[in-house]
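Fold and geometry: a report
In case you want the letters, here they are:
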Amino acid sequence: MLEARKVSLRLGAKSILRDVDFKAEPGQITVLLGRNGSGKTSLMRCLAHTQTRWSGEILIEGQSLRKLDAKTRAQRIALMPQVLPRPPITVRTLTAFGRQPYLGMSGRLSEADEQRVDSALKQAAIAGHAEDLVCHCSGGERQLAYFSLLLAQDTPVVLLDEPTASLDMEYRQVVYALLRQMKAAGKTVVLILHELADALELADQVCVMDRGEMVFTGTASAFLSSRIPQSIFGVCPKTVRDEKGSEYILFAPLDQTK
Ligand SMILES: Nc1ncnc2c1ncn2[C@@H]1O[C@H](COP(=O)(O)OP(=O)(O)OP(=O)(O)O)[C@@H](O)[C@H]1O
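Every residue gets a number counted from 1 within its own chain, in the order that chain's sequence is written. Local features in this predicted model are restricted to residues of pLDDT 70 or higher, and side-chain atom pairs are both shown and tallied only at a pLDDT of 80 or more, whereas totals for entire chains, interfaces and linings draw on every residue. The side-chain values count all of the structure's non-hydrogen atoms but skip hydrogen atoms and water molecules.

This part takes up the site of the ligand. Definition of nearness: a residue and a molecule or strand are near each other if at least one heavy atom of the residue lies within 4 Å of the molecule or strand. Near the ligand lie 14 residues; those nearest to it are Asn36, Gly37, Lys40, Thr41 and Ser42. Think of a polar contact as two N or O atoms within 3.5 Å of one another; within protein, one of them needs to be a possible hydrogen donor and the other a possible acceptor, and neighboring residues in sequence only count if both atoms come from side chains. Contact distances for the ligand include 3.1 Å between an oxygen atom and a backbone N or O atom of serine 38. Secondary structure follows DSSP: runs of H or I at least 4 residues long count as helices, runs of E at least 2 residues long count as strands, and numbering of each begins at the N terminus. Of all elements in the fold, only strand 2 (14-24) and helix 1 (40-48) reach the threshold of two or more residues within the shell around the ligand. Looking at the shell around the ligand element by element, the count peaks at 3 residues for helix 1. For this scheme, ten residues count as nonpolar: Ala, Val, Leu, Ile, Met, Phe, Trp, Tyr, Cys and Pro. Four count as charged, namely Asp, Glu, Lys and Arg, and the remainder, Gly too, count as polar. Across the shell around the ligand, the residue classes break down as 2 nonpolar, 8 polar and 4 charged.

Turning our eyes to something else, we now look at helix 1. The rule is simple: take the accessible area with a 1.4 Å probe, protein chains only, and divide by the maximum for that residue type; under 20% is buried, over 50% is exposed, in between is partly exposed. For helix 1, the full list of buried residues reads Lys40, Leu43, Met44, Cys46, Leu47 and Ala48. Of the residues one or two after helix 1, histidine 49 is the one with positive phi, at around 65 degrees.

With that settled, consider the domain arrangement of the protein chain. The source of the domain bounds is an automatic or database domain assignment. According to the domain assignment, the protein chain contains domain 1 (1-61 + 156-228) and domain 2 (86-154). Taking the mean C-alpha position of each, domain 1 and domain 2 sit 25 Å from one another. Once two parts are brought into contact, the accessible area they lose, counted with a 1.4 Å probe and summed over both, makes up the buried area. Interface area, domain 1 with domain 2, both sides summed: about 1,100 Å², of which 73% is carbon and sulfur. Looking at the side of domain 1 facing domain 2, the largest losses of area belong to Tyr171, Leu178 and Met182, adding up to 41% of the total buried there. Within this document, salt bridges are pairs made up of a side-chain nitrogen of Lys or Arg and a carboxyl oxygen of Asp or Glu, the two lying within 4 Å of each other. For the pair domain 1 and domain 2, the interface holds 0 salt bridges.

Right, let's talk about a nonpolar patch on the surface for a bit. To count toward a patch, a residue needs a relative accessible area over 30% and no salt bridge; like charges are then connected within 9 Å, while nonpolar side chains (Val, Leu, Ile, Met, Phe, Trp, Tyr) are connected within 5 Å. Method for areas: the Shrake-Rupley scheme with a 1.4 Å probe, in which residue coverage is limited to the protein chains shown. Together, Val240, Tyr248 and Leu250 make up an exposed nonpolar region whose accessible area comes to about 260 Å². Here leucine 250 lies in strand 12 (residues 247-253).

So, on to the sheet that holds strand 3 (residues 28-34). Sheet architecture is open: 6 strands sit in the order 6-7-8-3-9-10, paired in mixed fashion. Here the strands that pair on one side only, and so sit at the sheet edges, are strand 6 (77-80) and strand 10 (213-218). On average, each strand axis in the sheet is tilted by 15 degrees relative to the strand beside it, whichever way the strands run. Sheet topology places strand 3 next to strand 9 (residues 205-210); 5 bridges connect them, and they run parallel. Looking at the pairing, valine 31 lines up with valine 206 of strand 9. Here helix 1 sits on the sheet and contacts strand 3, strand 6, strand 7 (157-161), strand 8 (188-192), strand 9 and strand 10; the angle it forms with strand 7, its principal contact strand, is near 150 degrees. Two strands are counted as paired when DSSP detects at least two bridges linking them. Under this scheme, a helix contributes an axis fitted over its contacting stretch, all axes are lines through C-alpha atoms, and angles between N-to-C directions fall in the 0 to 180 degree range. Residue contacts are defined here by distance: any two heavy atoms, one from each residue, within 4.5 Å place the two residues in contact.

Strand 9 sits mainly inside the fold: 6 of its 6 residues count as buried. Where burial is concerned, the two faces of strand 9 agree: the one with Gln205, Cys207 and Met209 and the one with Val206, Val208 and Asp210 are both buried. Two successive antiparallel strands, strand 9 and strand 10, enclose a turn made up of 2 residues, where arginine 211 displays a positive phi of approximately 45 degrees.

Turning our attention to the environment of serine 226. Considering the arrangement of structural elements, one finds serine 226 in the loop between helix 8 (220-224) and helix 9 (228-233). At 3.1 Å, the side chain of serine 226 forms a polar contact with the backbone nitrogen of isoleucine 228.

Attention now moves to the packing of helix 5 (residues 139-153) against helix 6 (residues 169-184). Following both chains from N to C, one finds helix 5 and helix 6 inclined at 10 degrees, their axes separated by 10 Å at the closest point. Considering the angle they form, helix 5 stands roughly parallel to helix 6. Along the contact surface, helix 5 presents Gly140, Glu141, Leu144, Phe147, Leu150 and Leu151, while helix 6 presents Tyr171, Val174, Val175, Leu178, Leu179 and Met182. Convention used here: angles under 35 degrees read as roughly parallel, angles over 145 as roughly antiparallel, angles from 65 to 115 as roughly perpendicular, and any remaining angle as oblique.

Judged by nonpolar contacts, the single largest core of 50 residues is most densely connected at Phe147, Leu160, Leu179, Leu191 and Phe223. When residues of this core are assigned to their parent elements, the largest contribution, 8 residues, is made by helix 5. Two domains each provide a minimum of three residues to this core, namely domain 1 (1-61 + 156-228) and domain 2 (86-154). Among residues more than four places away in sequence, those in contact with leucine 191 are Ile29, Thr30, Val31, Leu32, Met44, Leu160, Pro163, Leu179 and Leu202. The term nonpolar core refers to a set of buried residues drawn from Ala, Val, Leu, Ile, Met, Phe, Trp, Tyr and Cys, joined through side-chain atoms within 4.5 Å. Among the nonpolar cores identified, the runner-up in size contains 28 residues, and Ala4, Val20, Ile77 and Cys207 belong to it.

Structural data, given as structure tokens:
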């Protein structure tokens, strides 16, 4: 469980977040939506404490985020950032970094750590590239390599900032399946997405930010019956049914719906 109470962030003269309340539950996928520049990444960075200049309160499993030391924090919360570095290290070495918060004085991976690295590589469907350099991976492979790192870190809370950006349909489905596995494992999963239809399909909870404020929190169906699609995203949801009777949500730009 991850909770933010009245979180605000000022950077210089700019007010980036204002009194944001946010709650994400274990065993659920919470999707954070909003237009470009609405404050999603800033909020996620505060939640992971990679941005430390926030005020208010953030609780992780009931404990104040500020009171946790860096090692404990890394055992509780993992962040996959929007921009993924391309270091000249292998995918296996990258994944092994996920075990760092658990290493003892020797700094060496135990047998159990090595097994966790192997299982994370397999789970993220990237074991076949374990010895490839991250800097030589394709965009999709790199995304899966960082998923493998996230899995190896074994935290109850995972935060992902646009984990499917630049991925093709096939890789996107792999990532969505991994997110569902994390949810089934009881993790608190929070992600930022721009694809509304995908977001609604995945989300147990939808949160919408606008100009640094949280303007909507609810289920996908509450989102669809609200004015948010029109007022924030300028689109109108339409339900279409295929010949087998399966329903899909499409979003038409407002000026095409008149
Ligand atoms: N370090 C900074 N200094 C000043 N302004 C910043 C800083 N970081 C972010 N901002 C501003 O904060 C606002 C919110 O940015 P943020 O990256 O959180 O938005 P976002 O909703 O994640 O956008 P996107 O969907 O484009 O990734 C933007 O106006 C951005 O310019």
